[in-house]
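Listed below, chain by chain, are the residues.
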Amino acid sequence: MLKILVVGGAGYIGSHMVKFLGRRGCSVTTLDNLSGGYQEAVLYGDFILGDVADRALLDTLFSRNRFDVVMHFASFIQVGESILHPFKYYQNNLSATLTLLEAMQAAGIDQFIFSSTAAIFGEPQQIPIDETHPQNPINPYGRSKWMVELMLQDLERAYGLRSVCLRYFNAAGADPEGQLGERHDPETHLIPLVLQVASGRRSHLSVFGQDYPTDDGTCIRDYIHVEDLCVAHWLALQSLVKGDPSQRYNLGNGQGFSVQQVINTVQEVTGRNIPVVYERRREGDPARLVADSRKIRQILGWAPQFIKLSQIIEHAWKWECQHLHPG
Ligand code: UFG
């Protein structure tokens, strides 16, 4: 039985992963400081309240448990906040990750799966974005993730620590069974915000920019279902334990949907009208971000299951209705 440490297992993607691993008979331990997560979202295994920057805690944890693989989901994710508060991002996303990796190395744990991001590429030079696209992050959030990826290359060379970096494009959707979902505070992501308008928790959606060089003038993103992200982690885990070398994969559906298409689909799925206020562009938003995920399809056989935007929104809507609507 595989023994996995999930750092950030109480957060949005981490909690789905814990359930996925638990369902497949893995022994799972979650380490989370609950700064952005919820303990009740951890449906399987042990839960340890603590910070990934706490080296003494990590040493104790690793001396008591022989983990095969560490999965690291715990990071701050708001681009705008990272520009205003870079220390916060470099401290948590970079320095705390370094502490985790040092503790792993000291304990002889040498397999690591890292949640990276499309933000490492910066302004796209071509679409879709494959793994050969130049990495030129334009904000501290993206830089903190890219620095970890670079660090991992050095650690592999020096210590043989093998890793898989999964660069998520726009993670979206929710547990198809309705037990888990996206719950950020504050929420900044498009799909949950539109659904909060649909459920009546918000009066309207602000659309940031209607003058992009796209068909309807709004930005295009590649929304990938959280369950498909879990499958990618699962395949990455199998490949690491089998002894495969380190890899970096871009993870998206390969299809782009505009903000306006998301709004239209939410209206169709929910049957509710979405009042919209058009505002100026949000700083740092590229017009188009679409992944080329052929590499992970070819090497690991990954094939996303929930590729329709309507399915992603249906699952997220189920979560919004069941768990978050005040009425
Ligand atoms: N948007 C709106 N109104 C809102 C919120 C978002 O119009 O209230 C628009 C944004 O301008 C953007 C699109 O909806 O065009 C998607 O925005 P999100 O904030 O949902 O997602 P991003 O594409 O900005 O961010 C995602 C990940 C980040 C990652 C980034 C890579 O969530 O972690 O892609 O650039 F850094």
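Heads up: these notes are all about the structure in this document. (Residues numbered from 1 in each chain as written. Predicted model: local features only at pLDDT ≥ 70, side-chain atom pairs only at ≥ 80, totals over all residues. Heavy atoms only, no water.)

### Some remarks on the overall build of the protein
So the rule is basically this: Helix and strand assignments come from DSSP, with helices taken as H or I runs of at least 4 residues and strands as E runs of at least 2, each series counted from the N terminus. Atoms counted for the radius of gyration: C-alpha only. Globule rule: 2.2 Å times the number of residues to the power 0.38. Exposure categories follow from relative accessible area, calculated using a 1.4 Å probe and restricted to protein chains: below 20% of the type maximum is buried, above 50% is exposed, and the middle band is partly exposed. A 1.4 Å probe and the Shrake-Rupley method give the accessible areas. Residues count as covered only by the protein chains that appear here. The charge count includes Lys and Arg as positive and Asp and Glu as negative, but it does not include His or the ends of the chains. Charge placement uses NZ in Lys and CZ in Arg. For Asp and Glu, CG and CD serve respectively.
A count of helical and extended segments in the protein gives 10 helices and 14 strands. Relative to its length of 327 residues, the protein is compact, with a C-alpha radius of gyration of 19 Å against a globular reference of 20 Å. Here the C-alpha coordinates of the protein stretch approximately 55 × 45 × 40 Å along the principal axes. Per-residue burial over the protein gives 54% buried out of 327 residues. Element-wise, carbon and sulfur atoms account for 48% of the exposed surface of the protein, whose accessible area totals about 13900 Å². The average position of the 29 basic charges and that of the 35 acidic charges among the side chains of the protein differ by 2 Å.

### A look at the packing of helix H6 (residues 190-199) against helix H8 (residues 259-270)
To be explicit about the condition: Axis definition: a line fit to C-alpha positions, over the contact stretch in the case of helices; interaxial angles, taken between N-to-C directions, run 0 to 180 degrees. Working rule for angles: under 35 degrees goes down as roughly parallel, over 145 as roughly antiparallel, 65 to 115 as roughly perpendicular, anything else as oblique. Crossing chirality is assigned from the near helix's rotation relative to the far helix, an anticlockwise turn below a right angle marking it left-handed and a clockwise turn marking it right-handed. Contacts are assigned to residue pairs that have any heavy atoms within 4.5 Å of one another. Note on residue classes: Ala, Val, Leu, Ile, Met, Phe, Trp, Tyr, Cys and Pro are nonpolar, Asp, Glu, Lys and Arg are charged, and everything else, Gly too, is polar.
Contact pair H6 / H8: the axes reach a minimum separation of 10 Å and the direction vectors enclose 40°. By the angle between their axes, H6 is oblique relative to H8. Two packed elements cross with a definite hand, and for H6 against H8 that hand is right-handed. Note on element contacts: H8 touches H6 through Val-259, Val-262, Ile-263, Val-266 and Thr-270, opposite Leu-190, Ile-191, Val-194, Leu-195 and Ala-198. For the contact of H6 with H8, a count of residues per class yields 9 nonpolar, 1 polar and no charged.

### Observations regarding the sheet that holds strand E12 (residues 257-258)
Here is the rule: A pair of strands is labelled paired if DSSP reports no fewer than 2 bridges between them.
The strand order E12-E9-E14 describes an open sheet built from 3 strands, whose pairing is mixed. One side of each edge strand has no neighbouring strand; the edge strands of this open sheet are E12 and strand E14 (288-289). Direction of pairing for strand E9 (residues 220-221) relative to E14: parallel, over a ladder of 2 bridges. Bridge pairing in E14 links Ile-220 to Arg-288.

### Let's talk about the site of the ligand
Formally: Any residue with at least one heavy atom within 4 Å of a molecule or strand is counted as near it. Polar contacts, as counted here, are pairs of nitrogen or oxygen atoms within 3.5 Å of one another; within protein the pair requires one atom able to donate a hydrogen and one able to accept it, and residues that are adjacent in sequence qualify only if both atoms are side-chain atoms.
Around the ligand sit 21 residues, and of these Leu-190, Ser-206, Arg-221, Arg-282 and Asp-285 come closest. Taking Thr-188, its main chain carries an N or O atom lying 3.4 Å from an oxygen atom of the ligand. Within the side chain of Arg-221, one N or O atom sits 2.7 Å away from an oxygen atom of the ligand. In the complex, the protein chains occlude 90% of the 690 Å² of accessible area that the ligand would expose alone. Of all elements in the fold, only H6 and strand E8 (205-208) reach the threshold of two or more residues within the shell around the ligand.

### Description of the side chain of Glu-227
Put simply, the rule is: We define a salt bridge as a contact between a side-chain nitrogen of Lys or Arg and a carboxyl oxygen of Asp or Glu at a distance within 4 Å.
With respect to the helices and strands, Glu-227 occurs in helix H7 (residues 226-241). Summary of buried charges: Glu-227 has no salt-bridge partner, and the nearest side chain of opposite charge, Arg-24, is 5.5 Å away. In contact with Glu-227, other than residues within four places in its own chain, are Phe-20, Pro-176 and Phe-306.

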